[in-house]
Amino acid sequence: MKIKTYNHTTTMFIIRQAFITICLVLSINLFSQGIGIGTSLPSGSAALDISSTDKGILVPRMTTTQRNMIESPAMGLLVFDNTTSTFWFYNSQDWTELKTRWVRNGNHIYNTNTGNVGIGVTDPAVRHEVLGTIRSLRPGSTPDGSYISMSSSGNDPGMSIARGNGSGAELRRWDMKIGVDRSFRVKDFTAGLDRLHIDIDGRVAFGSSLPAFAASLEVQSTTRGFLPPRMTDEERDAITSPAEGLMIWCNNCGAYGEAQVYNGLYWTNLNGTPPAGLEIGDNYQGGKVAYIYQPGDPGYIAGEIHGLIATESDLIDGEWGCYETDLPGAMGMALGTGNQNTIDIITGCNEPGIAAKLCYDLVLGGYTDWFLPSQDELSKLYDNRLAIGGLLESYYTTSSEYTYQWNYIKYFTTGDNFYAPKYFEQNIRPIRYF
């Protein structure tokens, strides 16, 4: 019988292979039907359990082109794509990238994706869409009852803001809701009271759940009033282009102040009368306040303010007109006679371009009732010429006739009264009553 011999190299190879085989056999847990590498007790739920503290697992590496050339990839097949430097798995239909869009920056996390984020919705239409209620607690380990809650579902989507007591209970809560009728409401939930309501037509109610149909703005209260802006008359007059209906409280007008409204032309009291505190030189009703009636004057009414308004500048010079024609109705001299004088002049004298006609036809500041002042009315303008402004040191004509050839004039350098021929051209300053 022949005995087979082995050399030293062959003997060592056989011994090494036998050792590897023994190690593999010993690491197989026949009872759990799993394979363990680096562990003698593989997990019962794992077909392959690899344990290591200094090495990882290396899956096949390939390019995108190579990955896409794999024939009939099995569902769950995993590879590392060298082209994208990311893991990919096959989901039975196509390859899916195992790459998170969320990136850490210290304690922060952010999303580099250019798409939208959805919570409870699979096809978010905006950058962040949440289906259901959002509740945000204040920072800290224990909620204190303070939060912001947003709801996008139901008939009244909106937001709630609550303040807590530090122990998890609400102290005060406000709700902001959008109703099915597209109205917007703010409610003090704790008190059970509506504080603001804006309906689809733009009507607004404060302290009410619904504004009155005929009201654009309704304020309801049984304990408080409405407080308009408060200012001095100088601050009021500095308002640029006041709107018609603008209302303020003038705190230095009259003895105690008063509510005033702009009527589109000038400021008045709420009842339409001139405001208290009106002074000579104030801008009012198309011109400057030239004189305020005093007790004993024609036109004075106790408790009311009336007087003369003068234009802020002169008209073109003009003659009195109708020389050598007697107009007896135009001889009024006193306060309150200038308007009638003017009517009598244009009725009895049809010459064009005369002083009375120029004043009568004037439309200024929305007013058409201007006239040529009488002698006493023109004297009031002279007395207050500095406050009125724009009056020249020259001769001004009056509507008061002296004779069929002459009319009264006033010299604004000295204040003296004269009369001149009706055909002389003089300065003209129209006035009106208020």
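Notes on the structure in this doc start here. In this text, all values refer to a predicted model and were calculated from it rather than measured experimentally.

Focus: the side chain of Asp-188
Among the secondary structure elements, Asp-188 is positioned in strand 16 (residues 184-188). Engagement of the side chain of Asp-188 in a polar contact is seen with the side chain of Arg-172, the distance being 2.9 Å. With near-sequence residues (within four places) excluded, Asp-188 lies in contact with Arg-172, Arg-173, Trp-174, Leu-193 and Arg-195.

A short note on the environment of Ile-280
One can find Ile-280 in the loop between strand 23 (267-269) and strand 24 (283-284). Considered as a pair, Ile-280 and Ala-387 are 107 residues apart in the sequence and their alpha carbons are 6.5 Å apart. Discounting residues that sit within four places of it in the chain, Ile-280 has contacts with Val-289, Ala-290, Tyr-291, Ile-292, Asn-384 and Ala-387.

Focus: the nonpolar core
One finds Ala-290, Leu-308, Ala-310, Leu-381, Ile-388, Phe-412 and Ile-431 to be the most contacted residues of the largest nonpolar core, which totals 15 residues. The set of elements that each furnish at least two residues to this core consists of strand 25 (287-292), strand 26 (307-310) and helix 6 (375-383). When residues no more than four places from it in sequence are discounted, the contact partners of Ile-431 are Leu-308, Ile-309, Ala-310, Asp-369, Trp-370, Phe-371, Pro-373, Glu-377 and Leu-381.

A word on the packing of aromatic side chains
Inspection of the entire model under this criterion finds 18 aromatic pairs. Ring centres of Tyr-90 and Trp-95 lie 5.4 Å apart, and the angle between their planes is 70°; this geometry places the pair in the edge-to-face category. The same class applies to Tyr-90 and to Trp-95, which are both buried. Every member of this aromatic cluster is reached through a ring pair, and the members are Tyr-266, Tyr-284, Tyr-367 and Phe-434. Over the ring of Trp-88 we find Arg-67, and its NZ or CZ is 4.0 Å from the ring centre. Geometry around Phe-189 places Arg-173 over its ring, the cationic atom sitting 3.8 Å from the centre.

Examining the pattern of salt bridges
All told, the structure shown has eleven salt bridges when counted by the stated rule. The partner of Asp-188 in a salt bridge is Arg-195, with the nearest N and O atoms 3.7 Å apart. Assessed through its relative accessible area of 3%, Asp-188 is described here as buried. The partly exposed category is assigned to Arg-195, whose relative accessible area is 36%. The partner of Asp-314 in a salt bridge is Arg-429, and the shortest N-O contact between them spans 2.7 Å. Of this pair, Asp-314 sits in the loop between strand 26 and strand 27 (315-319) while Arg-429 is found in the loop between strand 31 (425-428) and strand 32 (431-433), placing the two residues 115 residues apart along the sequence. Overall, Asp-314 belongs to the partly exposed group, its relative accessible area being 22%. Accessibility expressed as a relative area gives 1% for Arg-429, which makes it buried. Bridged by salt links that share partners, the residues Arg-172, Asp-188 and Arg-195 form one connected network.

Cut-offs and rules
- Residues numbered from 1 in each chain as written.
- Predicted model: local features only at pLDDT ≥ 70, side-chain atom pairs only at ≥ 80, totals over all residues.
- Heavy atoms only, no water.
- Helix = DSSP H or I, 4+ residues; strand = E, 2+ residues; numbered from the N terminus.
- Polar contact = N/O pair within 3.5 Å; in protein donor to acceptor, adjacent residues only side chain to side chain.
- Contact = heavy atoms within 4.5 Å.
- Core = buried A, V, L, I, M, F, W, Y, C linked by side-chain atoms within 4.5 Å.
- Buried < 20%, exposed > 50% of the residue type's maximum accessible area, 1.4 Å probe, protein only.
- Phe/Tyr/Trp six-rings, centres within 6.5 Å; stacked < 30°, edge-to-face > 60°.
- Lys NZ or Arg CZ within 6 Å of the ring centre and 35° of its normal.
- Salt bridge = Lys/Arg side-chain N within 4 Å of Asp/Glu carboxyl O.

Any functional reading would require information beyond the geometric quantities listed.
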